[in-house]
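# Survey of secondary and tertiary structure
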Amino acid sequence: MHPNSNLFSPIVLPNGISLPNRLVKAAMEENLSNENLEPDLSLWNLYEVWAKGGVGTLITGNVMVDHRAMTGPGGVVLEEGTSLTGFKTWANTAKSNGAKIIMQINHPGRQILAKLGGNVWAPSAVSVDLGNLSKLLGKPKAMEESEILETIQRFVTTAKLAEMSGFDGVEIHAAHGYLISQFLSPLVNQRTDRWGGSLENRSRFLVEVIQSVRKAVSPNFIVAVKMNSSDFQKGGFQFEDAIEVIKKVQTLGVDFIEISGGNYEAPAMQGVARDGSTLAREAYFLDFARQITKLATVPIMVTGGISRKQIAETVIESGVSLVGVATALALNPNLPNDWKEKRDPISKLPLPQWKSKPLVSLANMAMVRYQLQRLAIKKSPTVDIYPWFRLLADQLRLSRLTKRYRSWMEKSKH
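Residues numbered from 1 in each chain as written. Predicted model: local features only at pLDDT ≥ 70, side-chain atom pairs only at ≥ 80, totals over all residues. Heavy atoms only, no water.

### Describing the overall build of the protein chain
Helices and strands together make up the secondary structure of the protein chain, namely 13 helices and 14 strands. Against the globule reference of 22 Å for 414 residues, the protein chain gives a C-alpha radius of gyration of 20 Å, in line with a compact fold. Taking the principal axes of the C-alpha coordinates as reference, the protein chain spans close to 55 × 45 × 45 Å. Within the protein chain, the proportion of its 414 residues that are buried is 60%. (Helix = DSSP H or I, 4+ residues; strand = E, 2+ residues; numbered from the N terminus. Rg over C-alpha atoms; globule rule 2.2 N^0.38 Å. Buried < 20%, exposed > 50% of the residue type's maximum accessible area, 1.4 Å probe, protein only.)

Have a look at this one:
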């Protein structure tokens, strides 16, 4: 083991803000909002448990910039007119042990469940291809210029409201096949105007969001970006593209860049590429992050499958500044403290051996969400579960939340 393990050393970001250590709770979708799409006791409890666990920075699950476009039911929305009361408590609770709290802000674009309804917007009208599960997602419509500009403004509004609520920063989600990464992808973005075509045009949406957000918030408010190293799809957004975009993004006043990969069609963020190959079991995106740190002028964060201290240390030793941990913190919220005390407990979710990749991916998410639901009611996580049972229970819960969202949408129209 490295004698000068600096997982627990602070790091100063470009804007002068210091993070207490190098461990970051990476975003996981919680689906724990109340019926008004706001955070309440469930989310406060969950973040309190993580705050006590010793992680230096907490990045929230998706917070949506538009109530008409949700990544899933039970999601949180922060937009013009939202009450900030629950958000203020959320921020305070998360910061209760000295950690920083960053709100991940997102628009799903075409990755919207058909059952949810709402606006399925995309750069071009190209549907998500999930094989025989494709019907689960809505049919996208190509965005008008006015809708693009409105959406950029929504990112700005959400960032300003996050700052007013006491969050330390925002992370702009430009990965995993959501709207911004759809603009970056030549497979999804087939536009011929200034928002499509060349890589410069395809990255314009991301650049405009970052610049507009940076201008609208105070200098000591953290602005981070989550980006794909690649979509892991033939003809999609590739490593070379990512390097070019990162070179541009780091000149726009961002404080760190988180490297991930994949989308709904190729869930590399769960360790699976589009051709079905399993990515290296831990720290999937580390090789790319290592290359990037050689060119990067801002701190780089890497996320994807990290659950052991030794791997986390390898990440830091390779020159990457921040280690994102997700599932491992759902299974053990006290992991950073354990690592500090020289304990390295490993708990793993059962791995379904099913043929259908999308089903395995759904079961995985269901099992992780179940841990978050337990933590939210102050119960301990458990790996003693059946994947198929959790998948079914999760689908039932999500369909209840979908009904709740649809009826909220109806009410909000009147």
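### Some remarks on the packing of helix α7 (residues 239-249) against helix α8 (residues 286-295)
As a packed pair, α7 and α8 sit with axes 11 Å apart at the nearest point and diverge in direction by 35°. Crossing angle aside, the handedness with which α7 passes α8 is right-handed. Here Phe-239, Ala-242, Ile-243, Ile-246 and Lys-247 of α7 come into contact with α8, specifically with Phe-288, Gln-291, Ile-292 and Leu-295. (Axes fitted to C-alpha atoms, helices over the stretch in contact; angles between N-to-C directions. Left-handed = near helix turned anticlockwise from the far one by under 90°. Contact = heavy atoms within 4.5 Å.)

### Brief notes about the packing of helix α3 (residues 145-164) against helix α6 (residues 204-216)
Relative placement of two packed helices is described by the angle separating their axes and the distance separating the axes. Running from N to C, α3 and α6 point in directions that differ by 35°, and their axes come no closer than 9 Å. By crossing handedness, the relation of α3 to α6 is classed as right-handed. Facing Ile-148, Thr-151, Ile-152, Phe-155, Val-156, Ala-159 and Lys-160 of α3, the residues of α6 in contact are Phe-205, Glu-208, Val-209, Ser-212, Val-213 and Ala-216. A per-class count over the contact of α3 with α6 returns 9 nonpolar, 2 polar and 2 charged. (Nonpolar A, V, L, I, M, F, W, Y, C, P; charged D, E, K, R; others polar.)

### Quick notes on the pairing of strand β10 (residues 169-174)
Across the 6 residues of β10, 6 count as buried, placing the element largely inside the fold. The side-chain alternation of β10 yields two buried faces, one formed by Gly-169, Glu-171 and His-173 and the other by Val-170, Ile-172 and Ala-174. With 4 bridges connecting them, strand β7 (residues 100-106) and β10 associate as parallel partners. Residue pairing for β10: Gln-104 is matched across the bridge by Glu-171. (Pairing = 2+ DSSP bridges.)

### Things to note about the pairing of strand β14 (residues 322-325)
Regular strands place side chains that alternate from one sheet face to the opposite one. By the alternation rule, side chains of β14 split into Leu-322 and Gly-324 and Val-323 and Val-325, which are all buried. Note: strand β3 (residues 23-25) against β14, 3 bridges, orientation parallel. Residue pairing across strands places Leu-23 opposite Val-323, the latter belonging to β14. Sheet analysis places strand β13 (residues 300-303) next to β14, joined by 3 bridges and oriented parallel. Note on β14: the bridge partner recorded for Thr-303 is Gly-324. What joins β13 to β14 is helix α9 (residues 309-317), and the crossover it makes is right-handed. (Right-handed = clockwise from strand over helix to strand, strands pointing away.)

### Points about the packing of aromatic side chains
Taken as a whole and assessed by the stated rule, the structure comprises 10 aromatic pairs. Look at Trp-195 and Phe-205: their rings are 6.4 Å apart centre to centre, the planes differ by 75°, and that puts the pair in the edge-to-face class. Of this pair, Trp-195 sits in the loop between α4 (179-184) and α5 (199-202) while Phe-205 sits in helix α6, and the two are 10 residues apart along the sequence. Classification of Trp-195 as buried rests on a relative accessible area of 0%. A centroid spacing of 6.2 Å and a plane angle of 90° characterise the contact between Trp-388 and Phe-389, whose relative ring orientation is edge-to-face. Residue classification places Phe-389 among the partly exposed residues on the basis of a relative accessible area of 44%. In textbook terms, an aromatic cluster arises when at least three aromatic residues are bridged by ring pairs, as seen for Tyr-47, Trp-50, Phe-87, Trp-90 and Phe-167. The cationic tip of Lys-25 hangs over the ring face of Trp-50; the distance from NZ or CZ to the ring centre is 4.6 Å. (Phe/Tyr/Trp six-rings, centres within 6.5 Å; stacked < 30°, edge-to-face > 60°. Lys NZ or Arg CZ within 6 Å of the ring centre and 35° of its normal.)

### Observations concerning the pattern of salt bridges
On inspection of all chains with the given rule, the structure shows 17 salt bridges. Here Glu-150 makes a salt bridge to Arg-154, at a shortest N to O gap of 2.9 Å. With Glu-150 and Arg-154 both in helix α3 and 4 residues apart, the pair spans about one turn of that helix. Owing to a relative accessible area of 30%, Glu-150 belongs among the partly exposed residues under this scheme. Accessibility expressed as a relative area gives 18% for Arg-154, which makes it buried. When the shortest N-O distance is used, the salt bridge between Asp-193 and Arg-191 registers 2.8 Å. (Salt bridge = Lys/Arg side-chain N within 4 Å of Asp/Glu carboxyl O.)

### Some details on a nonpolar patch on the surface
On the surface, Trp-354, Leu-359, Tyr-386, Trp-388, Phe-389 and Leu-392 cluster together into a nonpolar patch covering about 670 Å² of accessible area. Sort the elements by how many residues they give to the nonpolar patch and helix α13 (residues 387-413) lands first, with 3 residues. (Patch = residues over 30% accessible without salt bridge, like charges linked within 9 Å, V, L, I, M, F, W, Y side chains within 5 Å. Areas by Shrake-Rupley, 256 points an atom, 1.4 Å probe, with all protein chains shown as cover.)

### Observations regarding the nonpolar core
With 107 residues, the main nonpolar core has Ile-172 and Leu-206 as its most contacted residues. Of the residues forming this core, the biggest block, 7 residues, is contributed by α3. Not counting residues within four places of it along the chain, the set of residues in contact with Ile-172 comprises Ile-105, Phe-155, Ile-180, Leu-206, Val-209, Ile-210, Val-213, Val-223, Ala-224, Val-225 and Lys-226. Ala-69, Met-70, Val-77 and Tyr-405 belong to the second largest nonpolar core, which has 11 residues in total. (Core = buried A, V, L, I, M, F, W, Y, C linked by side-chain atoms within 4.5 Å.)

### Structural notes on the environment of Lys-25
Turning to its location among the elements, Lys-25 is positioned in strand β3. Given the relative accessible area of 0%, Lys-25 is considered buried. The spatial distance from the C-alpha of Lys-25 to the C-alpha of Ile-102 is 9.9 Å, given a sequence separation of 77 residues. With near-sequence residues (within four places) excluded, Lys-25 lies in contact with Tyr-47, Trp-50, Val-55, Thr-57, Leu-58, Ile-59, Thr-60, Val-325 and Leu-329. Here Ile-59 takes part through its backbone oxygen, which lies 2.8 Å from a polar atom of the side chain of Lys-25. (Polar contact = N/O pair within 3.5 Å; in protein donor to acceptor, adjacent residues only side chain to side chain.)

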